[in-house]
Amino acid sequence: MMLGNWESYANEHIGERVRVRGEVFNILDGAYQVWVDKGNYDVVSILVGFDEDTDMRVGRIYEDDVITVYGMVLGEIDGTNSFGSSISNALVFAERIENNENYERTRTSA
């Protein structure tokens, strides 16, 4: 499944397989935060989790890389952003991540 409403209503799509392309903007232990352009000027962020014992660990992916993720929706995860606001992101467990080095960026870096 490509982008639609699953990233906004992830708890309703738990267990569904997705393919999504976006730009990494934050690297965490065992996860990437990714900007995803839905194609209608609406950009959302998702959290992509992965098994750190695989070859998907941080050494291969960097901030600003455009990646394609093949994985399963695990639902929504709540947290706090750097400004102290509550946020909710769709969580995808990656089964495969491709680094699309020459792909056009989903957003313009300032």
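The structure under discussion appears in the preceding block.
Here's a quick rundown of the structure.

Calculation notes
Residues numbered from 1 in each chain as written. Predicted model: local features only at pLDDT ≥ 70, side-chain atom pairs only at ≥ 80, totals over all residues. Heavy atoms only, no water. 1 Å grid on protein atoms, 1.4 Å probe; cavity = no way out; pocket = protein on both sides within 12 Å on 5 of 7 lines; lining within 4 Å. Points joined across faces, edges and corners; volume = space filled by probe spheres on them. Helix = DSSP H or I, 4+ residues; strand = E, 2+ residues; numbered from the N terminus. Nonpolar A, V, L, I, M, F, W, Y, C, P; charged D, E, K, R; others polar. Core = buried A, V, L, I, M, F, W, Y, C linked by side-chain atoms within 4.5 Å. Buried < 20%, exposed > 50% of the residue type's maximum accessible area, 1.4 Å probe, protein only. Pairing = 2+ DSSP bridges. Contact = heavy atoms within 4.5 Å. Polar contact = N/O pair within 3.5 Å; in protein donor to acceptor, adjacent residues only side chain to side chain.

**Side note on the layout of surface pockets**
Each pocket or cavity is described by its volume, and for the largest pocket that value is around 320 Å³. At the level of elements, β1 (17-28), β2 (31-37), β3 (43-49), β4 (66-80) and β5 (86-99) are the ones that each hand at least two residues to the lining of the largest pocket. Here the lining of the largest pocket is built from residues that sort into seven nonpolar, eight polar and one charged.

**Notes on the nonpolar core**
The nonpolar side chains of soluble globular proteins are, as a tendency, buried together. One finds W6, Y32, V34, I46, I67, V69 and I97 to be the most contacted residues of the largest nonpolar core, which totals 20 residues. Of all the secondary-structure elements, those providing two or more residues to this core are β1, β2, β3, β4 and β5. For this core, the leading source of residues is β5, giving four residues.

**Some points on the pairing of β4**
Examined bridge by bridge, β1 and β4 share seven bridges and lie antiparallel to one another. Note that in β4 the partner of V18 across the bridge is G71. In this structure, β4 lies alongside β5, joined through 13 bridges in antiparallel fashion. Looking at the pairing, E76 lines up with A90 of β5. Between β4 and β5, which pair antiparallel in sequence order, lie five residues; one of them, G84, sits at a positive phi of approximately 90°.

**Some remarks on the environment of S45**
Mapped onto the elements, S45 comes out in strand β3. Considered as a pair, S45 and N89 are 44 residues apart in the sequence and their alpha carbons are 6.6 Å apart. Sequence-distant contacts of S45, defined by excluding residues within four places in its chain, comprise F25, V34, W35 and N89. Polar contacts involving the side chain of S45 include one to the side chain of N89, which spans 2.7 Å.

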